[in-house]
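# Close look at the chain arrangement
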Amino acid sequence: MEVEEAAGERAPASGGGGGSSGGDPDRLSALPDSLLHAIMSNLKARQAVQTCVLGRRWRHLWRSVPCLDVDHDEFRNTATSGPPNNHPAANHGFSDSDIDSYDSDEDNDNDINNNDREWEDFEDFAENLMHRCNIARLDSLRLRVSRDRAPRFADKQAGGWIRRAMKYCAPDPPRQREGLNSGSWHLKRLYLCSVALDDRFTKHVSSVCQSLEELELEDCACEINAITSRSLKSLVLKNCRWGKLSEITSPTLKSLVISGGTNTDDNALVISAPAIAHLCLDLPLRFARRISVNQKPSTPRLF
């Protein structure tokens, strides 16, 4: 399921010009982009995309929404409903040349269980969304995968979406088309759930997300050595499976929560955060006992 198909499902119909069907003035469409973006930022990503069918005024607004909440659960009830028959390009007299059509094969769908169909819809939507939105201008990004309903490889696939977005998305559109990264993201808040991450992710966080202030990872599989940032203020790590985490370093970090999760048994975690004001370590004893916080290295004694 691609972006426009998701927009077509259960989206309300309206006139092509954005006016109300009863002839009354459409006061909502008359609002400036900044206010409409603020409204759309409170919607899930799929709902935000669906606004493109409200009229020409709304057609591309979703591409520059400052907050994206991409949630696997949005597709929970759509996988069993079959392919949509109300594509917005067909119903509203417009087509977008940079969005490809997606044709569902009903015969093949009959051989796939509901969870697989649900994941395929979510996968198509998320990949297209990452490609077509102005990701580099986002203020907040949430990506949540439901691990109990996703296929075994889903966390790695979702990690690839994030990695490619960070690697190739740039604020400068001409350079973005050339596959070049000409600057850093504006991103301030990033939440990931059930996503597989490795050291490439943290490298991009340090080099690309130079304005990132809040990072939350939940139920993620993390092959990460270190988390370092010069901008982070809040870091929350919930029930993550760490392979080799040994360092968390940030001179600006004020709040750190590590709740649950596991780390390699013989691996020590050194936390260097001189500005920290709130620290919560809700961990198994064998994980917690190998953590040191802002400890100065010992100096040799002189005799």
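This write-up is about the structure you can find in this document.

Rules used in this analysis
- Residues numbered from 1 in each chain as written.
- Predicted model: local features only at pLDDT ≥ 70, side-chain atom pairs only at ≥ 80, totals over all residues.
- Heavy atoms only, no water.
- Phe/Tyr/Trp six-rings, centres within 6.5 Å; stacked < 30°, edge-to-face > 60°.
- Helix = DSSP H or I, 4+ residues; strand = E, 2+ residues; numbered from the N terminus.
- Buried < 20%, exposed > 50% of the residue type's maximum accessible area, 1.4 Å probe, protein only.
- Pairing = 2+ DSSP bridges.
- Axes fitted to C-alpha atoms, helices over the stretch in contact; angles between N-to-C directions.
- Salt bridge = Lys/Arg side-chain N within 4 Å of Asp/Glu carboxyl O.
- Arc of directions from axis to C-beta.
- Contact = heavy atoms within 4.5 Å.

Counted under the stated rule, the structure contains 5 aromatic pairs. On the basis of an interplanar angle of 55° and a centroid distance of 5.3 Å, the ring pair of Phe-75 and Phe-125 is categorised as tilted. Of this pair, Phe-75 sits in the loop between strand S1 (67-71) and helix H4 (88-91) while Phe-125 sits in helix H6 (residues 114-132), placing them 50 residues apart in sequence. Of the two residues, Phe-75 and Phe-125, both sit in the buried class.

Strand pairs in the sheet, formed through backbone hydrogen bonds, run parallel or antiparallel to each other. Strand order in the open sheet formed by 4 strands is S7-S10-S12-S14, and the pairing between neighbours is parallel. The open sheet is flanked by strand S7 (226-228) and strand S14 (291-293), the only strands paired with a single partner. Strand-to-strand twist across the sheet, computed as the mean angle between neighbouring axes with direction ignored, equals 5°. With 3 bridges connecting them, strand S12 (residues 269-272) and S14 associate as parallel partners. Note that in S14 the partner of Leu-269 across the bridge is Ile-291.

On inspection of all chains with the given rule, the structure shows 14 salt bridges. Of the charged contacts, one joins Asp-69 and Lys-44 as a salt bridge, the two residues approaching to 3.3 Å between their closest N and O atoms. One end of the pair, Asp-69, is in strand S1; the other, Lys-44, is in the loop between helix H2 (33-40) and helix H3 (45-50), with 25 residues separating them in the sequence. On the basis of relative accessibility, which here comes to 26%, the residue Lys-44 falls in the partly exposed class. When the shortest N-O distance is used, the salt bridge between Asp-198 and Arg-200 registers 2.7 Å.

What follows is about unusual backbone geometry. Phi at Asn-239 takes a positive value of approximately 50°, unusual for a residue other than glycine. Among the structural elements, Asn-239 can be located in the loop between strand S8 (234-238) and strand S9 (241-242). Residue Asn-239 is classed as partly exposed on the basis of its relative accessible area of 44%. Notably, Asn-294 is not glycine yet its phi reads approximately 50°, a positive angle. Here Asn-294 is to be found in the segment after S14.

Among the residues making up H2, those that are buried are Leu-36, His-37 and Met-40. For H2, the angular spread of the buried residues around the axis is 100°, confining them to a single face. Contact partners of the buried residues in H2: H3.

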